[in-house]
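Per-entry structural report
Here is how the chains run, residue by residue.
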Amino acid sequence: MLLLEIASQGVRGLAPAGGRFTLKAGYNVVAADGLLLRRVLEALLHPDPGDAEAIPRAAAAPGGATPRAGLTLVGDDGITYRLLRDFGGGCQLHRFDPTRRAFALVAQDLPAVAAFLAAGPGVPPPDRLRGGLLLAAAEMPSRQLAAGLRGATVAPPVRRALSPEEAERKRAALRAELEKAKAAEAIQSRLDELQSQLFRLEEVSKGGEKIREGLSASEAALADLARAAESLDRVADLDRKLAAFEKAAAKRDESLARLEADRAAAEQAGRDPGPPWKDPQIVGGAAAGLVAVGLGLAGASTGQTGLRYLALLDVPAFGLSAWAALRWVSAREAFEQTGRRRRLAGDRERKVLEQYERDTAEVKGLMKALGVGALPDLREVVGRLADARAVAAEWRQRQESWEASPENRQAAAEKERAQAEIADLERRLADQAGGYQRDARSVEMELERLEVDLASPPPPAAPLVAPALSGPPVEPLRAALERGAASLGGTPAEVARAIQPRVGQILPAISGQRFSAVFWDERGNVSVQGGGRSLQAASLPPIDRDLLWLAVKVGVLEQALSRGRTFALLDDAFASLPDGARRALAGLLKQIARSGQIVHATQDPVCRQAADHQAA
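Not measured: the values here are computed from a predicted model. Throughout, a residue's number is its position along its own chain's written sequence, starting from 1. Predicted model: local features are reported for residues with pLDDT of at least 70 only, side-chain atom pairs are reported and counted for 80 or more only, and whole-chain, interface and lining totals are derived from all residues. Side-chain calculation: all heavy atoms of the structure are included, whereas hydrogens and water are not.

**Here's the deal with the overall build of the chain**
Note the cut-off: Every helix listed is a DSSP run of H or I at least four residues long, and every strand listed is a run of E at least two residues long, numbered separately from the N terminus. Burial classification: accessible surface area is computed with a 1.4 Å probe over protein chains only, and a residue below 20% of its type maximum counts as buried, one above 50% as exposed, and the rest as partly exposed. Residue contacts are counted whenever heavy atoms from the two residues lie within 4.5 Å of one another.
Secondary structure summary: the chain contains 19 helices and 16 strands in total. The buried share among the 616 residues of the chain stands at 39%. Within the chain, contacts between residues separated by at least 24 positions form 71% of all contacts whose residues are at least 6 apart in sequence.

**Focus: unusual backbone geometry**
Its identity as a non-glycine residue notwithstanding, Gln513 has a phi of 65°, on the positive side. Within the element layout of this structure, Gln513 appears in the loop between α16 (492-510) and β11 (515-520). The exposure class of Gln513 is exposed, given its relative accessible area of 61%.

**Details of empty space enclosed by the protein**
Note the cut-off: Here a cavity is any set of points on a 1 Å grid over the protein atoms alone where a 1.4 Å probe fits but cannot get out, and a pocket is any open set with protein on both sides within 12 Å along at least 5 of 7 lines; a residue lines the site when it has an atom within 4 Å of a point. Grid points are joined across faces, edges and corners, and a volume is the space filled by probe spheres set on the points. All residues other than Ala, Val, Leu, Ile, Met, Phe, Trp, Tyr, Cys, Pro, Asp, Glu, Lys and Arg, Gly among them, are scored as polar; the first ten of these are nonpolar and the last four charged.
Per the counting criterion, the structure on display carries 2 cavities of 30 Å³ or more. In terms of lining residues, the second largest cavity is bounded by Gly208, Ile211, Arg212, Gln399, Trp402 and Glu403. Split by residue class, the lining of the second largest cavity holds 2 nonpolar, 2 polar and 2 charged.

**Looking at the environment of Tyr27**
Defined as follows: As used in this structure description, the phrase polar contact means that two N or O atoms lie within 3.5 Å; if the pair is within protein, one of them must be able to donate a hydrogen and the other to accept it, and residues adjacent in sequence are counted only when both atoms belong to side chains.
Structurally, the position occupied by Tyr27 is in strand β3 (residues 26-30). Its relative accessible area of 0% is what places Tyr27 among the buried residues. The spacing of Tyr27 and Gln614 is 587 residues in sequence and 8.7 Å in space, taken between C-alpha atoms. Residues within four places of Tyr27 in sequence aside, it is in contact with Ala586, Leu589, Lys590, Ala593, Ile598, His600, Cys607, Ala610, Ala611, Asp612 and His613. At 2.8 Å, the side chain of Tyr27 and the side chain of His600 are in polar contact.

**Focus on the sheet that holds strand β8 (residues 134-135)**
To summarise the sheet geometry, strands pair through backbone hydrogen bonds and adopt either a parallel or an antiparallel arrangement. Applicable threshold: The criterion for strand pairing is that DSSP finds at least two bridges linking the strands in question.
Strand order in this open sheet of 5 strands is β8-β14-β15-β3-β16, and the pairing throughout is parallel. Single-partner strands in this sheet number two, and they are β8 and β16 (613-615). Alignment of β3 against β16, held across 3 bridges, turns out to be parallel. Looking at β16, one finds that Asn28 is bridged to His613.

**Overview of the sheet that holds strand β2 (residues 20-22)**
Quick reminder of the rule: Lines fitted to C-alpha atoms define the axes, with helix axes restricted to the stretch in contact, and inter-axis angles between N-to-C directions lie between 0 and 180 degrees.
In space, the 6 strands of this open sheet follow the order β2-β1-β4-β5-β6-β7, with antiparallel pairing throughout. If you trace the sheet from one side to the other, it starts and ends with β2 and β7 (102-107), each paired once. Averaged over neighbouring strand pairs, the angle between their axes works out to 20° when direction is ignored. Note that strand β1 (residues 2-9) and strand β4 (residues 68-74) share 7 bridges and pair antiparallel. Bridging from a neighbouring strand, Ser8 pairs with Ala69 of β4. Sheet strands in contact with helix α1 (residues 34-45) are β1, β4 and β5 (80-86), and its direction is about 70° off that of β4. Packed onto the sheet, helix α3 (residues 110-119) meets β5, β6 (91-97) and β7 and runs at close to 40° relative to β6.

**Examining helix α18 (residues 579-592)**
Defined as follows: By definition here, a helix of n residues has an expected span of 1.5 Å times n minus one. Taking the helix axis as origin, the arc is that swept by the directions to the C-beta atoms.
Over its 14 residues, α18 extends 20 Å from the first C-alpha to the last, a length consistent with the 20 Å expected when each residue adds 1.5 Å. Along α18, the residues classified as buried are Ala581, Arg582, Leu585, Ala586, Leu588, Leu589 and Ile592. Taken down its axis, α18 places every buried residue within 165° of arc, on the same side.

**A closer look at the confidence of the model for the chain**
In plain terms, the rule: For every residue, the predictor reports its confidence as pLDDT, a number between 0 and 100.
On average, the chain scores 77 in pLDDT, and the residues at 70 or more come to 81%. Below pLDDT 50 for its whole length, residues 56-63 participates in 19 contacts with residues either more than four positions away or in separate chains. Taken together, the stretch residues 145-158 has pLDDT below 50 and engages in 30 contacts with residues farther than four places along the chain or on a different chain.

**Comments concerning the pattern of salt bridges**
Our working rule: The term salt bridge refers to a pairing of a side-chain nitrogen on Lys or Arg with a carboxyl oxygen on Asp or Glu at a separation within 4 Å.
Applying the stated criterion to the full structure yields 17 salt bridges. Here Asp612 and Lys590 are joined by a salt bridge, their closest N and O atoms 3.8 Å apart. Remark: Lys590 occurs in helix α18 and Asp612 occurs in the loop between α19 (605-610) and β16; sequence separation between them is 22 residues. The network of salt bridges with shared partners includes Asp579, Arg582, Arg583 and Asp604.

**What about the pairing of strand β13 (residues 533-536)?**
Pairing between strand β12 (residues 526-530) and β13: 4 bridges, direction antiparallel. Counterpart to Gly530 in the pairing with β13 is Arg533. The antiparallel pairing of β12 with β13 creates a hairpin that spans 2 residues between the two strands, and Gly531 there sits at a positive phi of about 65°.

**Comments concerning the environment of Arg20**
Among the structural elements, Arg20 can be located in strand β2. Residue class for Arg20 comes out partly exposed when judged on its relative accessible area of 32%. For the pair Arg20 and Glu5, spaced 15 residues apart in the sequence, the C-alpha separation amounts to 6.8 Å.

**Thoughts on α1**
A rise of 1.5 Å per residue sets the reference length of α1, with its 12 residues, at 16 Å; its end C-alpha atoms lie 16 Å apart and thus fit the reference within 8%. In terms of burial, α1 is a largely internal element, 9 of the 12 residues being buried. For α1, the full list of buried residues reads Gly34, Leu36, Leu37, Val40, Leu41, Glu42, Ala43, Leu44 and Leu45. One side-chain oxygen at the N-terminal end of α1 lies 3.2 Å from the backbone nitrogen of Leu35; it belongs to Asp33.

Spelled out as structure tokens, the structure:
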């Protein structure tokens, strides 16, 4: 459960501006006395007839006015409850009815209210509240004196008979309050009626709100594409140019493929034959012919007839050489023709690329402006823009149709009038009620009790003596662990192991790094590591034991908040710490309050600066 509002009247030390504190989830800092806030909250969450004596004695306002308080909370069941209590005897618990948009009475006697709060809303029991969800400066080791733990005499205030003048003043005050209560009830009745009407009108206007939300979302999508729209709108007949881009790209690819095929065929057909003296057939045929001619001349000169016939072999040899030379000439001509074709192919390729660049320059510039690298990406941007414009146009048409409907226009006008009247009535109700307002029936009951008391004055009450506590006083650190274990549902050893990492972080931060670690033994004894040696917690001076106690309590509080969405209550227990330690603790409280709610009663500016919400 979470607290939403605390209202008070006639409680000295707990009187915020306007008579009420507004609270939220997270870390809340409240400018109030922590002890009084704790007593009032305990009296509201765990109502008991004895609270009627405790609260007036502790913080009764001057003039004998009966303290009253109210509390608004959200229970674990998700329902909002409002508790109103007159510490003179009256108590009422209301539950918010979403269908009527008003609070309905649940119970109005203390036992029924206490039982209901413990069931549906999930109010933490007193042991859990005091053990794991409360951090009070009065429990610090330095403030725990043995004499204060043994027992004390408690003398409740004696109710005395009122004098005629006091009775008349109180009767007049109650009658004036009754008139205000009746006026407030009339205003509240009209408010309930208007709230019901506003609820129906809001149901009618939900269609318009959905249309406005859809239009806003479509316009936001268009705004994201504003740069693309600006670039695309500058290009006329975009679809035709995109198609021309695709056609030009296909034509370029086809032409380049054909040129590449022609180039490959030309390369295959016209290879360089090289110089003729490197052709073996030309050189070999010419050499063989010369040898044959030489042998024939040698035979003719020597008279050897057989050698002369060898000269006839020069004919086929020179013929082979001539045939090879003709083939080389043909190959050379083909090679030169291939060179010319290669140059022509290069010129054609350049012309094809130039033509492609001219045909696609505008589309390429658009792609560069939009930051896309391919035509499919450009088409995707064009499609998204077209879809966004179509959706926005459809939502505009829906809004125009909705606004053109006479029923919707009338509902919107009635809604504005109802909201204005509700604001006026709420302002009048605040002026009438202030921070707390009882219902007329409660005031009438108090008037009846006043008349009965005047007819038969009560006897004086005898003082009560609280019994002395037996045994030695409980060590504060051990008590913090035991109460935390009872609140969390475990053993002190389990709680110590659970909080040891967090305590090991908090203690160095708030002790100025004088202590570096905390240890627990099997018997529950606590020791700290400081100055290179281990020190027993019992041997530490009171101020250092306070630091250790604070670290332990904050660790237990974090564990309690992590077990379920609930609230924790702190008073001004950090006042004696230096600025850096308070700042570290305030930051930690803000962190651990994310899983629930912390109400910190302090006026420390460091804590107020770190808080998620401040209630003055």
